[in-house]
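Here are the chains, one letter per residue:
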Amino acid sequence: MKTILTGLNRTIYSLVLLLAVIVLNFILVHIAPGDAVTAMIGDMGGATPELIAKLRADYGLDRSLFTQLYTHIWKMMHGDLGTSFTHRVPVRDLILDHLPATILLVTTAFFLAIIIGTVLGIIAAQKPKSFVNHVVTVLSLSGFSAPIFWTGLMLLIAFAYLLPIFPAFGMSTPGFQGTTLEVMFDVLKHLVLPAVTLASVYIAVYSRLARASMLDVLGSDYIRTARSKGLSRRIVVYKHALKNGILPVVTMAGLQFSQLIAGAVVVETVYGWPGIGQLAFNAILRRDHPLLLGILFFSTLMVVIANLITDFSYRILDPRIK
Amino acid sequence: MNNRQELNPMVRPDRPVVELWLMFFANKAAVLGLVLWLLVVFTAVFGLTIYTGDPFEMVGAPMTPPGAEFLLGTDYLGRDVLTGIIHGASITLAIGFSATICTVIIGVVIGVLAGYYGRWVDNLLMRVTEFFQVLPPMLFVMVLISLFTPSIYLIVLAIAVVSWTGMARLTRAEFLKIKELEYVTAERAMGARNASIMAKVILPNALPPLIVAVALNVGTAILFEAALSFLGLGDPNAYSWGYMIGSSREYIWDSWWTITFPGFAIFLTVLGVSLIGDGLNDALNPKLREL
């Protein structure tokens, strides 16, 4: 019962956060110089004062700010994110078209980072003075220090040009025909480089974190007890220690989900991955504000959902929180 | 304190700054970081007086590979890559430092107020912090830049707006911990004002973890600026490393050097500041060194 109540509480809080994002979007658009109509007129190459007044009335820009905010929230709640200036289609449809690609990229990178990061961290923690430990330290520092787009471009030069193993651009081979399995394999081939690039930064962060946390756990009393009971090192490390050692990684990963999405924006432009990052990049070049704000809202929604999931998985991993 | 003096006669505990430096310089990685940084600062300050030139100027044949004529080659317009890298150093440092200063100001002020006053002030400020944490940084900055005119000031401010939350949480945590300590209560009993307790009593004691965070923040700010310039959203008049990579990326198959070298410059600069941060962390929190 208590779990359900906390869950409900968290969900309501998340909804309030989303509402705040909607209000922020609204405020930003109103502080910024010019409004939607000015932008449209700019696109059309000028208009008569009557037409401007009519457009303002059509878009409700002549009403009070409070009414406009209210209408804005009302529309957003009904899934109406406005119409893109450049594509002339509803922003929601555009985003929904591009969302699956981003979700595929981000979740793959997310799990790659957690799994590889944790494994490296565990290996390094078991032998603090070993060569592996130094490799993990150097790797984690480099991963953190290299600009993500540069890592991407370097991987492109290495694995799409010098050693042409992976395709350089897009999510699938243009005009590719085949069975479902072949199509999936084709997408997978395109996914490798972007996912590894996006994960590289976080592999660095999590391996460091997992190493520190595992060192901490491995030094604790209950681990010594388990070892002295005669359990094998492998069982103690992977069954007893890992469960506690991975907690900070899960927390951090959840907290950093927003940064992962932000990183995806850059990675998508490097690899021409057809996700919302690519969409956002094109929106900014053409000053398509409704589209850009819609993307900001949608990605915040993704972050909020990811945070909720992290919160719940944390509860499952750590029964003390109940 | 006396114990430590007996353990290590080199360290004079009555001079914590000396102790800090001794520990810092005993750390090889940290010294390497410092050397990298001195190199970048030197390049930024004196580079252009030694190796003169305008980075925007076309000086040679387009896409000349690195060699005797141009040490690091030229880009697709025939601009010298080395001049660009030297020029980019000062812009990178300028943006990295000013964005960090803004980040620290916002973060520390919010963290101090939340941690010191607690209750509803804390509650309110922490909700605001959480709100900024769910906004994906790059997208939020893109929105800001697209709504307002891009300039170096807007970029610095935008980086600060998306980076201050970590600093605020850290400052708050330190203040929550320190404000309960006896010397703070004593100070208060002697009638010290809130502002004076915050600034003169608690803040100096909260500095060690903050200094480390500041060092790491310089690195993140540099990476952020690089990514923005790479996407073509930076100040169009600033010849930064990110811009160099972004403008040449279409020629990646024909001139790898125009992408590899500026990226390597960013990498080394951020690596340097990360190593310094790590070294400071070890020197300031000796207990954590085993981790």
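Note that the structure is predicted; figures quoted are calculated from it, not measured.

Okay, the overall build of chain B next. For chain B, the helix and strand inventory stands at 11 helices and zero strands. For chain B, the N- to C-terminal ordering of α and β elements is α-α-α-α-α-α-α-α-α-α-α. Relative to its full complement of 291 residues, chain B shows a buried share of 51%. Here the analysis covers contacts within chain B between residues at least 6 apart in sequence; of these, 69% occur between residues at least 24 apart. With the model as given, the accessible surface of chain B reaches about 13800 Å², and the carbon-plus-sulfur share is 66%.

Here we come to empty space enclosed by the protein. Residues and elements named next belong to chain B. Tallying each qualifying case throughout the model produces two cavities of 30 Å³ or more. If you add up the space inside the largest cavity, you get close to 50 Å³. Contributing to the lining of the largest cavity are Asp75, Arg79, Asp80, Val81, Tyr239, Met244, Ser247, Ser248, Thr258 and Pro262. At three residues, the largest contribution of residues to the lining of the largest cavity is made by helix H10 (residues 241-248). Looking at the lining of the largest cavity residue by residue, the class counts come to four nonpolar, three polar and three charged. Approximately 30 Å³ is the volume found for the second largest cavity.

Turning our attention to the interface of chain B and chain A. If you look at the interface, chain B gives 43 residues, while chain A gives 51 residues. With both sides pooled, the region where chain B packs onto chain A buries about 4300 Å², and carbon together with sulfur makes up 80% of that total. Counting the surface chain B buries against chain A, the share from its top three residues, Val134, Leu147 and Trp253 of chain B, is 16%. If you look at where chain B meets chain A, you find one salt bridge. With a shortest N-O distance of 2.8 Å, aspartate 278 of chain B and arginine 208 of chain A are connected by a salt bridge. When residues in the side of chain B that touches chain A are grouped by element, the largest group, 11 residues, is from helix H11 (residues 257-284) of chain B. Of the residues in the side of chain B that touches chain A, the class split is 33 nonpolar, five polar and five charged.

Turning our attention to the packing of helix H5 (residues 91-126) of chain A against helix H14 (residues 289-317) of chain A. The axes of two packed helices give the description: the angle between them and the distance between them. Residue and element names in this part refer to chain A. Close contact between H5 and H14 brings their axes to 10 Å; oriented N to C, the two are set at 45°. As judged from the angle between their axes, H5 and H14 are oblique. For the pair H5 and H14, the sense of crossing is right-handed. Here Val91, Leu94, Ile95, Leu96, Leu99, Thr102 and Ile103 of H5 lie close against H14, whose contacting residues are Pro290, Leu291, Gly294, Ile295, Phe298 and Met302. Split by residue class, the contact of H5 with H14 holds 11 nonpolar, two polar and no charged.

This brings us to the domain arrangement of chain A. Residue and element names in this part refer to chain A. Each domain of chain A was delimited in the assignment, giving domain 1 (2-77) and domain 2 (98-317). Centre-to-centre separation of domain 1 and domain 2, based on C-alpha positions: 34 Å. On the domain 2 side, the residues contacting the 11 residues of domain 1 number 10 residues. A combined buried area of about 1100 Å² lies between domain 1 and domain 2, and 80% of that area is made up of carbon and sulfur atoms. By the criterion of area lost to domain 2, the three top residues of domain 1 are Arg10, Leu18 and Asn25, representing 40% of everything that side buries. On inspection of domain 1 and its partner domain 2, the count reaches zero residue pairs in polar contact (both at pLDDT 80 or more). For the side of domain 1 that touches domain 2, the residue count by class is five nonpolar, five polar and one charged.

Quick look at helix H7 (residues 148-162) of chain A now. Its 15 residues give H7 of chain A an end-to-end C-alpha distance of 20 Å, which sits within 8% of 21 Å, the value for a rise of 1.5 Å per residue. At leucine 156 of chain A, H7 of chain A shows its strongest bend, of approximately 25°. For H7 of chain A, every residue scored as buried is listed here: Ile148, Phe149, Trp150, Thr151, Gly152, Leu153, Leu155, Leu156, Ile157 and Ala160 of chain A. Structurally, H7 of chain A contributes buried residues whose contacts are with helix H8 (180-218) and helix H12 (257-271) of chain A together with helix H9 (194-230), H10 and H11 of chain B.

To continue, consider the environment of valine 31 of chain B. All names here are of chain B. Within the secondary structure layout, valine 31 lies in helix H3 (residues 28-50). Exposure remark for valine 31: the relative accessible area of 25% places this residue in the partly exposed category. In sequence terms valine 31 and glycine 279 are 248 residues apart; their C-alpha atoms lie 8.1 Å from each other. With sequence-adjacent residues up to four places away left out, valine 31 is seen in contact with Phe24 and Phe25.

What counts as what
- Residues numbered from 1 in each chain as written.
- Chains lettered and ligands numbered in written order.
- Predicted model: local features only at pLDDT ≥ 70, side-chain atom pairs only at ≥ 80, totals over all residues.
- Heavy atoms only, no water.
- Helix = DSSP H or I, 4+ residues; strand = E, 2+ residues; numbered from the N terminus.
- Buried < 20%, exposed > 50% of the residue type's maximum accessible area, 1.4 Å probe, protein only.
- Contact = heavy atoms within 4.5 Å.
- Areas by Shrake-Rupley, 256 points an atom, 1.4 Å probe, with all protein chains shown as cover.
- 1 Å grid on protein atoms, 1.4 Å probe; cavity = no way out; pocket = protein on both sides within 12 Å on 5 of 7 lines; lining within 4 Å.
- Points joined across faces, edges and corners; volume = space filled by probe spheres on them.
- Nonpolar A, V, L, I, M, F, W, Y, C, P; charged D, E, K, R; others polar.
- Buried area = accessible area lost by both parts, 1.4 Å probe.
- Salt bridge = Lys/Arg side-chain N within 4 Å of Asp/Glu carboxyl O.
- Axes fitted to C-alpha atoms, helices over the stretch in contact; angles between N-to-C directions.
- Parallel < 35°, antiparallel > 145°, perpendicular 65-115°, else oblique.
- Left-handed = near helix turned anticlockwise from the far one by under 90°.
- Domains from an automatic or database assignment.
- Polar contact = N/O pair within 3.5 Å; in protein donor to acceptor, adjacent residues only side chain to side chain.
- Expected span 1.5 Å × (residues − 1).
- Bend = angle between axes of the 7 residues up to and from the residue.

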